[in-house]
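Chain by chain, the residues:
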Amino acid sequence: MAGAIIENMSTKKLVIVGLILLLFQAFSFMVGGLIEEGAVATLDVGLAYRDSTLSKWTEMAHSVEKRKLNCNFTTTKTVENEGRYYECDLLPFMELGSVSHKYYLLNIRLPVSERKNLNVGIGEIKDIRLVGIHQNGGFTKVWFAMKTFLTPSILIIMIWYWRRITMMSRPPVLLEKVIFALGISMTFINIPVEWFSIGFDWTWMLLFGDIRQGVFYAMLLSFWIIFCGEHLMDQSERNRLSVYWKQVGPIVFGSFCLFIFDMCERGVQLTNPFYSIWASDVGTELAMAFIIVAGICACLYFLFLCFMVFQVFRNISGKRSSLPAMTKARRLHYEGLIFRFKFLMLVTLACAAMTVIFFIVSQVNEGHWHWGDYTVQVNSAFFTGIYGMWNLYVFALMFLYAPSHKRYGDEQSRDQGGNSGEDIQLTTTITHVDGPTEVYKMMGKESQE
């Protein structure tokens, strides 16, 4: 039996939010005691905790797990090399979503039974090492501070945005509703529930975090499709969510598949932190296939989005032919609106590219301990940078698409003696009283020019 006490100092309770332990077993080579090919180690493991050195240990989990060994002996298997160690891959051992107690006790037993074929043909174990992966203190402070600051910021701009929409005489259009839904999903992922994990043993924190991020991914990918599509559709086809079922449907289905895949591991870990989908050959192949397919789908989505943005730009170029017939003030105004809209589309494309890269890299990083020699690491700067980019992008969308009540151009219209029925706005936003944007109105094939 091997035992290990993991101490979570009270001064470091903010340091460890989640903990992943990887098991490394040192097997020595002995003639007549070789590790058989496809050998499986059976582990009888238990986990307990206490919050003071005087209190009794309270058991958290107990399980009997099997881990397949993948070991190689790099030198010749002769008597002279007895005692040398095999080179073995790390084994997934345990994953905790919350570490709220001060002391943890880990017991590991390797029962031997030839009758039951337990731990037979695994060689001689000389040592067992545990590799811990946790969220360090510096990153935790930055992460908590960002969430604490960004939550009220997005919430305030979201309330202001919806208030401006409800003040209009017209009902909200689809694009405005989707932007508001995107703000809600951003707020959902921003809420700093991690603060409660300091004092509460919430083992479901990892699963809850994955669900929040999955909801935001689905909303963000759907928004980009609708955002581009609304600037391509005819006036009669706009403002209907059913038009996008062919594009949004696969996104929702893919998000549901990601949720099922996550539940296969995280869901079981709610009651058994020692469970790992990577422990079996079938689970490993399914997980690898799922990650590869998810990465391919993300790349295909980005290529499709690039095609839609190209279509939008081409549509804008066709509509610019009507600008020379306008008055100078109106022409300059529309040229400014088109420039700002094009810049927003390029920012959207850059944000989509970074999001797809982050998704693929994070999926590979999630299982990089199981990929042998191929390792991808995501540093904290990249992680916090992507998170800040999402918040800034959503903030900018709600600010730019909040309906403006400023008017401009009435005097010019009266000077021309015309009554076009259009009001032009001179504002830092790109909004319009009769629709989400003047560019949006101009882009429809049946819109007035």
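Residues numbered from 1 in each chain as written. Predicted model: local features only at pLDDT ≥ 70, side-chain atom pairs only at ≥ 80, totals over all residues. Heavy atoms only, no water.

Of note, the phi angle at Asn117 is positive, near 60°, even though the residue is not glycine. Looking at where Asn117 falls in the secondary structure, it is placed in the loop between β8 (103–109) and β9 (124–134). (Helix = DSSP H or I, 4+ residues; strand = E, 2+ residues; numbered from the N terminus.)

It is worth spelling out the nonpolar core at this point. Membership of the largest hydrophobic core comes to 61 residues, with the highest contact counts inside it found for Phe223, Trp224, Trp390 and Tyr401. Of all the elements in the fold, those that place two or more residues in this core are α1 (137–166), α2 (174–190), α3 (205–229), α4 (245–269), α5 (281–319), α6 (328–366) and α7 (380–400). Looking at this core, the element that brings in the most residues is α3, giving 11 residues. Setting aside residues up to four positions removed in sequence, Phe223 forms contacts with Leu175, Val178, Ile179, Leu182, Tyr393 and Leu397. Leu43, Val45, Phe93 and Leu96 belong to the second largest nonpolar core, which has 12 residues in total. (Core = buried A, V, L, I, M, F, W, Y, C linked by side-chain atoms within 4.5 Å. Buried < 20%, exposed > 50% of the residue type's maximum accessible area, 1.4 Å probe, protein only. Contact = heavy atoms within 4.5 Å.)

A few words now on the packing of aromatic side chains. All chains considered together, the criterion is met by 19 aromatic pairs. Judged by centre distance (6.3 Å) and plane angle (65°), the ring pair of Trp224 and Tyr393 falls under edge-to-face. Residue Trp224 is located in helix α3, and its partner Tyr393 is located in helix α7; the two are separated by 169 residues in the primary sequence. The buried category is assigned to Trp224, whose relative accessible area is 0%. Geometrically, the ring pair formed by Phe227 and Phe341 is tilted, given 6.3 Å between the ring centres and 55° between the ring planes. Of this pair, Phe227 sits in helix α3 while Phe341 sits in helix α6, and the two are 114 residues apart along the sequence. Here Phe227 falls in the buried class, since its relative accessible area comes to 0%. Connected via pairs of aromatic rings, a cluster forms that spans Trp143, Phe216, Tyr217, Phe358, Phe359, Phe382, Phe383, Tyr387 and Trp390. Directly above the aromatic system of Phe313 lies the positively charged group of Lys342, at a separation of 5.9 Å from the ring centroid. (Phe/Tyr/Trp six-rings, centres within 6.5 Å; stacked < 30°, edge-to-face > 60°. Lys NZ or Arg CZ within 6 Å of the ring centre and 35° of its normal.)

Here the focus is the pairing of β8. Most of β8 sits out of view: five of its seven residues are buried. Pairing analysis gives seven bridges linking strand β3 (residues 40–50) to β8, with the strands arranged antiparallel. Within β8, the position partnered with Tyr49 by the bridge is Tyr104. (Pairing = 2+ DSSP bridges.)

Put simply, α3 and α7 touch, their axes get as near as 13 Å, and they point 45° apart. Our classification of the angle between α3 and α7 gives oblique. Classified by chirality, the crossing of α7 by α3 is left-handed. Of the residues in α7, those in contact with Gln213, Phe216, Tyr217, Leu220, Phe223 and Trp224 of α3 are Trp390, Tyr393 and Leu397. (Axes fitted to C-alpha atoms, helices over the stretch in contact; angles between N-to-C directions. Parallel < 35°, antiparallel > 145°, perpendicular 65-115°, else oblique. Left-handed = near helix turned anticlockwise from the far one by under 90°.)

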